[in-house]
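# Breakdown of the fold
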Amino acid sequence: MLLYEHPLSSYVQKVKIALREKGIDFAVELPKALGSGTTTTAPFAAANPRVEVPTLIDGDTRIFDSTVILEYLEDKWPTPPLLPASPAARAKARMIEEICDTHYEAINWGLGEIRFFRRAEGALAETMAAAAARQTAAIQAWLADQLGLGDWFNGDAFGWADLAVAPYLNRSRYFDLAPASGSRLARWLERIRDRPSVARTFAEFQAAADAMGDAYKRLAVGSYRREYRDHRLEWMIKSGGIQVVLDGLSNNNIRFSWPEG
Ligand SMILES: N[C@@H](CCC(=O)N[C@@H](CS)C(=O)NCC(=O)O)C(=O)O
């Protein structure tokens, strides 16, 4: 089984935690020129018209989209289960995942555009970072309500809802937007970091994040056309970054989702 990945991607991290929780062997590969929209790495490019990671190759089966991959893993390797048992708890896990994959991811991604790629500097960067901090606090408050007094988002044990929150909250921590120390959310983050599946996935994330120091130089020489899609594009605009979008279009270093133009 082969997983096309990038260790920074929160979507990829969800899948790697699930594979490791289920004890499934897998190899990883970083598609060449990921982030340019022009990768020809086979069979990745043929398997996924969006040329996004994660993409999973399991024999003749090729699957894109982290949620669809998680469903596939749960269907093919039901033990140990990652979704809780009751329909209501399963729906709750999926709602938590939905919020994290859309609204939460867009904030983290936007911060990456500023910190890693230096799309905005000075006062504009500060305005956008402040918007991200307010939005992150709102989402973390919502997540704290979902966690309630329990130990796990998924119910009685670690599962789908936990692995769906993990990469996003950890990335907030990386960007100095961790939940207040001692809060239930902060203690949950400490708790999951003790799990081998999560610890290893987070270590891979950290190493990749540490290597992003010169990403803005690679952007300047045309290595990337970053994908400004759906919630990410909305985030840029609602957080004060409409000029970032216009500059990216005129410099041809952003693109929209497939099919383009
Ligand atoms: N809905 C997809 C989103 C995947 C996605 O956006 N992946 C990003 C990395 S975080 C990607 O591969 N982007 C390719 C690019 O920017 O060229 C999922 O859940 O897997």
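Residues numbered from 1 in each chain as written. Predicted model: local features only at pLDDT ≥ 70, side-chain atom pairs only at ≥ 80, totals over all residues. Heavy atoms only, no water.

## Thoughts on the confidence of the model for the protein
Mean pLDDT over the protein: 97, with 100% of residues reaching 70 or higher. The lowest-confidence element of the protein is helix α2 (residues 44-47), averaging 94 in pLDDT; the highest-confidence one is helix α1 (residues 10-22), averaging 99. (pLDDT = per-residue confidence, 0-100. Helix = DSSP H or I, 4+ residues; strand = E, 2+ residues; numbered from the N terminus.)

## What to know about the site of the ligand
Near the ligand, the surroundings consist of 13 residues, among which V53, D65, S66, R229 and R255 are the closest. Within the backbone of V53, one N or O atom sits 2.7 Å away from an oxygen atom of the ligand. R255 is positioned with one of its side-chain polar atoms (N or O) 3.0 Å from an oxygen atom of the ligand. Expressed as a share of its isolated accessible area of 520 Å², the protein-covered part of the ligand is 89%. When atoms are counted within 2 Å of each cavity's grid points, the one that captures over half of the ligand is the largest pocket. Here the residues of the shell around the ligand sort into four nonpolar, three polar and six charged. (Near = heavy atom within 4 Å. Polar contact = N/O pair within 3.5 Å; in protein donor to acceptor, adjacent residues only side chain to side chain. Areas by Shrake-Rupley, 256 points an atom, 1.4 Å probe, with all protein chains shown as cover. 1 Å grid on protein atoms, 1.4 Å probe; cavity = no way out; pocket = protein on both sides within 12 Å on 5 of 7 lines; lining within 4 Å. Sits in = over half its atoms within 2 Å of the grid points. Nonpolar A, V, L, I, M, F, W, Y, C, P; charged D, E, K, R; others polar.)

## Section: unusual backbone geometry
When glycine is set aside, most residues are seen to have a negative phi, and most peptide bonds are trans. Each neighbour pair has its own omega, and for V53 with P54 the value is 0°, a cis peptide bond. T79 connects to P80 through a cis peptide bond whose omega is -5°. By the secondary structure assignment, P80 is in the loop between α3 (66-76) and α4 (87-115). We note that V51 has phi near 40°; this positive angle belongs to a residue other than glycine. On the accessibility criterion, V51 (15% relative accessible area) is buried. (Buried < 20%, exposed > 50% of the residue type's maximum accessible area, 1.4 Å probe, protein only.)

## Remarks on helix α11 (residues 242-250)
Since there are 3.6 residues in each turn of an α-helix, residues three or four apart along the chain are aligned in direction. Taken residue by residue, α11 has V244, V245 and G248 as its buried positions. Looking straight down α11, one finds that the buried residues subtend no more than 100° of arc, so they occupy a single side. Of the residues flanking the end of α11, it is N252, one or two places downstream, whose phi is positive at about 55°. (Arc of directions from axis to C-beta.)

## Side note on the layout of surface pockets
Think of a ball as big as a water molecule: rolled over the atoms, this probe shows where empty space is left. Size it by volume and the largest pocket reaches roughly 940 Å³. Along its surface, the largest pocket is lined by 41 residues, and S9, Y11, V53, E105 and R232 are the ones closest to its centre. Going through the elements one at a time, α1, α3, α4, β5 (226-227) and α10 (230-238) are the ones with two or more residues in the lining of the largest pocket. A total of eight residues in the lining of the largest pocket trace back to one element, the largest contributor, which is α4. (Points joined across faces, edges and corners; volume = space filled by probe spheres on them.)

## Some points on the environment of L83
Mapping L83 onto the fold places it in the loop between α3 and α4. Exposure remark for L83: the relative accessible area of 6% places this residue in the buried category. Sequence separation between L83 and E260 is 177 residues; the distance between their C-alpha atoms is 35 Å. Setting aside chain neighbours within four positions, we find L83 in contact with E74, R90, A93, R94, N154 and W160. (Contact = heavy atoms within 4.5 Å.)

## Examining the pairing of strand β4 (residues 61-64)
Of the strand pairs in this sheet, strand β3 (residues 55-58) and β4 are connected by four bridges, and their pairing is antiparallel. From the neighbouring strand, T55 faces β4, where its bridge partner is F64. A loop of two residues connects β3 with β4, the two strands running antiparallel in sequence, and G59 in this loop sits at a positive phi of about 65°. (Pairing = 2+ DSSP bridges.)

## Topic: the sheet that holds β4
Spatially, the four strands line up as an open sheet ordered β2-β1-β3-β4, and their pairing is mixed. Among the strands making up the open sheet, the edge pair consists of β2 (27-29) and β4. Strand-to-strand twist of the sheet, defined as the mean angle between neighbouring strand axes without regard to direction, takes the value 20°. With three bridges joining them, strand β1 (residues 2-4) and β3 adopt antiparallel strand pairing. Paired with Y4 across the strands is T55, a residue of β3. Here α3 sits on the sheet in contact with β3 and β4, set at roughly 135° to β4. (Axes fitted to C-alpha atoms, helices over the stretch in contact; angles between N-to-C directions.)

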